[in-house]
Amino acid sequence: MSAAMPVDRPFGIWTASSLVVGLMIGVGIYGLPAQLAPFGWTSLAGWAVAAMGTLACVLALNGLVLARPGEHSLMAMCGAVLGEGVGVAIAWSYWVSLWCGNAVMATVIAQYGSSMVRGFQPTPLSIGVIGSAVLLVNSAVNLLGAREAGRMQVVLTGLKLIPLAAVVVMLAQLALTPGRHFAGLPLAPLHVEGIGPAVTLAFFSLLGFECAGMAAERVHDPARNVVRATLLGMAATTLVYVTVCTGLVMALPRGVLEQAPAPFALLAGQVWGHWAALSVAVFAAISGLGAMNAQTLLLGEVPLGLVRAGQLPGWVAPVNRFGVAGLPLVLGNGLAIALLLGSATELGAALLAFLLKLTTVVSIFLYLGTCAATWRIGRARGWAALAILFCLAVIYGAGWEAGGLGLLLTLAGLPLYALARRIGRRAAQPSLP
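Section: the overall build of the chain
So, point 1. Scanning the chain from terminus to terminus reveals 19 helices and 0 strands.
So, point 2. The 433 residues of the chain split such that 52% are buried.
So, point 3. In the chain, 82% of the contacts between residues at least 6 apart in sequence involve partners at least 24 apart.
So, point 4. Of the roughly 18,500 Å² that the chain leaves accessible, carbon and sulfur atoms contribute 69%.

Some words on the nonpolar core
So, point 1. Within the largest apolar cluster, 119 residues are counted, with the highest numbers of intra-cluster contacts made by Tyr30, Trp99, Tyr112, Phe203, Phe264, Leu267 and Tyr367.
So, point 2. The element best represented in this core is helix H5 (residues 84-115), accounting for 16 residues.
So, point 3. Apart from the residues lying within four places of it in its own chain, the contact partners of tyrosine 30 are Val108, Tyr112, Lys160, Pro163, Leu164, Pro263, Phe264, Ala284 and Ser287.

Re the confidence of the model for the chain
So, point 1. Of the residues in the chain, 82% reach a pLDDT of 70 or more, and the chain-wide mean stands at 79.
So, point 2. Averaged pLDDT values for the elements of the chain fall to 52 in helix H7 (residues 146-157) and rise to 91 in helix H17 (residues 381-397).
So, point 3. Counting contacts from residues 1-7, a segment whose pLDDT is below 50, to residues more than four positions away or on other chains yields 2 contacts.

So, the packing of helix H8 (residues 162-176) against helix H14 (residues 274-308)
How two helices sit against one another is set out by the angle between their axes and by the gap between those axes.
So, point 1. Relative orientation of the contacting elements H8 and H14 amounts to 140°, with a least axis distance of 8 Å. Packed against H8, whose contacting residues are Ile162, Pro163 and Met170, the element H14 presents Val280, Phe283 and Ala284 at the interface.
So, point 2. Residue composition of the contact of H8 with H14, by class: 6 nonpolar, no polar and no charged.

Re the side chain of threonine 360
So, point 1. Here threonine 360 shows up in helix H16 (residues 348-376).
So, point 2. Setting aside residues no more than four positions away along its own chain, threonine 360 makes contact with Thr200, Phe203, Phe204, Leu207 and Val394.

Comments concerning the pattern of salt bridges
So, point 1. Scanning the model with the defined rule gives 1 salt bridge in all.
So, point 2. Note that arginine 254 is salt-bridged to glutamate 258, the shortest N-O span being 2.6 Å. You can see arginine 254 and its partner glutamate 258 sitting in helix H12 (residues 254-258), 4 residues apart, about one turn around the helix.

What about a nonpolar patch on the surface?
So, point 1. A cluster of nonpolar side chains, contributed by Val117, Phe120 and Ile130, occupies part of the molecular surface with about 230 Å² of accessible area.
So, point 2. Its place among the elements puts valine 117 in the loop between H5 and helix H6 (124-143).

Examining H17
So, point 1. Taking 1.5 Å of rise per residue, the 17 residues of H17 would be expected to cover 24 Å, and the 24 Å separating its terminal C-alpha atoms lies within 8% of that figure.
So, point 2. Among the residues of H17, those classed as buried are Ala384, Ala387, Phe390, Cys391, Val394, Ile395 and Gly397. The buried residues of H17 all sit within an arc of 160° when viewed along its axis, so they share a single face. Counted as exposed and oriented over 90 degrees from the buried face of H17: Gly382, Leu389 and Tyr396.
So, point 3. In the segment just after H17, glycine 399 is the residue with positive phi, at about 95°.

Considerations on the environment of alanine 372
So, point 1. Tracing the sequence through the fold places alanine 372 in helix H16.
So, point 2. On the basis of relative accessible area, alanine 372 is assigned to the partly exposed category, the value being 28%.
So, point 3. Expressed as a C-alpha distance, the spacing of alanine 372 and valine 81, which sit 291 residues apart in the sequence, is 9.1 Å.
So, point 4. Not counting residues within four places of it along the chain, the set of residues in contact with alanine 372 comprises Leu82 and Ile388.

Some points on the environment of arginine 321
So, point 1. Summarising the element assignment, arginine 321 is placed in the loop between H14 and helix H15 (326-342).
So, point 2. Using a relative accessible area of 76% as the deciding quantity, one classes arginine 321 as exposed.
So, point 3. Taking the C-alpha atoms as reference, arginine 321 lies 9.6 Å from leucine 143; in sequence the two are 178 residues apart.

Section: the packing of aromatic side chains
So, point 1. Applying the stated criterion across every chain yields a total of 7 aromatic pairs.
So, point 2. Taking the centre distance of 6.0 Å and the plane angle of 75° together, the rings of tyrosine 30 and tyrosine 112 count as edge-to-face. On the criterion of sequence distance, the pair formed by tyrosine 30 in the loop between helix H1 (13-24) and helix H2 (32-36) and tyrosine 112 in helix H5 is long-range, its members being 82 residues apart.
So, point 3. Members of the aromatic cluster, each reached through a chain of ring pairs, are Tyr30, Tyr112 and Phe264.
So, point 4. Its guanidinium or amino end placed over the ring of tryptophan 375, arginine 381 lies 4.5 Å from that ring's centre, counting from NZ or CZ.

As for unusual backbone geometry
So, point 1. The backbone phi angle of alanine 380 is positive, close to 45°, even though this residue is not glycine.
So, point 2. Relative to the elements of secondary structure, alanine 380 occurs in the loop between H16 and H17.

Examining the packing of H6 against H14
So, point 1. Viewed as axis vectors pointing N to C, H6 and H14 meet at an angle of 55°, and their least axial separation amounts to 10 Å. By the criterion of interaxial angle, the relationship of H6 to H14 is oblique. Seen along the crossing, H6 lies across H14 with a hand that is right-handed. Residues Val134, Leu135, Asn138, Ser139 and Asn142 of H6 form the contact with H14, whose participating residues are Leu289, Met292, Asn293, Thr296 and Leu297.
So, point 2. The residue inventory of the contact of H6 with H14, partitioned by class, reads 5 nonpolar, 5 polar and no charged.

Reading the values: rules and limits
- Residues numbered from 1 in each chain as written.
- Predicted model: local features only at pLDDT ≥ 70, side-chain atom pairs only at ≥ 80, totals over all residues.
- Heavy atoms only, no water.
- Helix = DSSP H or I, 4+ residues; strand = E, 2+ residues; numbered from the N terminus.
- Buried < 20%, exposed > 50% of the residue type's maximum accessible area, 1.4 Å probe, protein only.
- Contact = heavy atoms within 4.5 Å.
- Areas by Shrake-Rupley, 256 points an atom, 1.4 Å probe, with all protein chains shown as cover.
- Core = buried A, V, L, I, M, F, W, Y, C linked by side-chain atoms within 4.5 Å.
- pLDDT = per-residue confidence, 0-100.
- Axes fitted to C-alpha atoms, helices over the stretch in contact; angles between N-to-C directions.
- Nonpolar A, V, L, I, M, F, W, Y, C, P; charged D, E, K, R; others polar.
- Salt bridge = Lys/Arg side-chain N within 4 Å of Asp/Glu carboxyl O.
- Patch = residues over 30% accessible without salt bridge, like charges linked within 9 Å, V, L, I, M, F, W, Y side chains within 5 Å.
- Expected span 1.5 Å × (residues − 1).
- Arc of directions from axis to C-beta.
- Phe/Tyr/Trp six-rings, centres within 6.5 Å; stacked < 30°, edge-to-face > 60°.
- Lys NZ or Arg CZ within 6 Å of the ring centre and 35° of its normal.
- Parallel < 35°, antiparallel > 145°, perpendicular 65-115°, else oblique.
- Left-handed = near helix turned anticlockwise from the far one by under 90°.

Set out below in structure tokens:
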């Protein structure tokens, strides 16, 4: 029996932490202040609960990684503990969350792109059309191969932090300049019944904290560094998000912020002028393109990994001449376009809020699976139980419409799994003479 090939583990604590921060800081944050504006002080309670719930998920994740540090990813860990069918269902929900997330990104990119044109008043339909065009172009780039997608990612990644840093400077300028004031004060009072929806919206911006665990095979000393990197990355990102979101809610009048398609650009225009608004809009759109590019690449890679593991039939993810699983990639972004255009009958703010909640719900199933696996192996059971309750509360806070649709989208992967098993059993049967 040949010895197992050594695994290259180049990611140390700081590299893994930067990976977490890089994936967590996506494009949803650029539309989130408008969604949280009506909540006022309740949004701060939502951030606190979301951060504590995320911490419980991280510590439950740590228990699983400590028990199975040699597995390739969280999905593989869940499948090994809970069964192949559960692992496929979790992987499917992750794939669904990718294209739901792309619909969110396309919406925000279209909103910030529209804000660059003076006098243009975007409608939900125009946002849907522009966002669909962005998705089509991004799909075409990724179909040319991982090398081209990677080159695009290198160009876009470092630029995504610029709008966040600029807004922090603007907020500091408002606070320190005599005669300037925060027009959003006083904030709406705390309402306990609003905490659930606020938690669901805030938790969307924290999605992606698990990425160090998804790449556990590449992390040096994963039993020690995965959880440390996750905690460091989550803490840094949460601090930036709370500062920026709460600052924008305080700085802009509630009625204006609620209707703003591009809140960051609106603040930049009021503090530094039109050039700043245009610059922030450009960089926010670039940030969205970077996050969308990474997720579009994964739309093909996740099903391809399941095919190679024999858990899905080969026709689900055929590879083109560039080595890309084009069918699930195109199908995923096609579904994102359908979701985008199908929801365009709603008001713009309601459309983005619904997509945020839907993406959060679909993403939750990975965390539920991780926590259930941790509980089953007897590790960190207290944290796992708390995290499971938190995940269920987030689904409840999303409402029946987003929660029900998210569940249906996730369960849609089970027929594919059943089909793969059926084809596999037929192939294993000896042919009759």
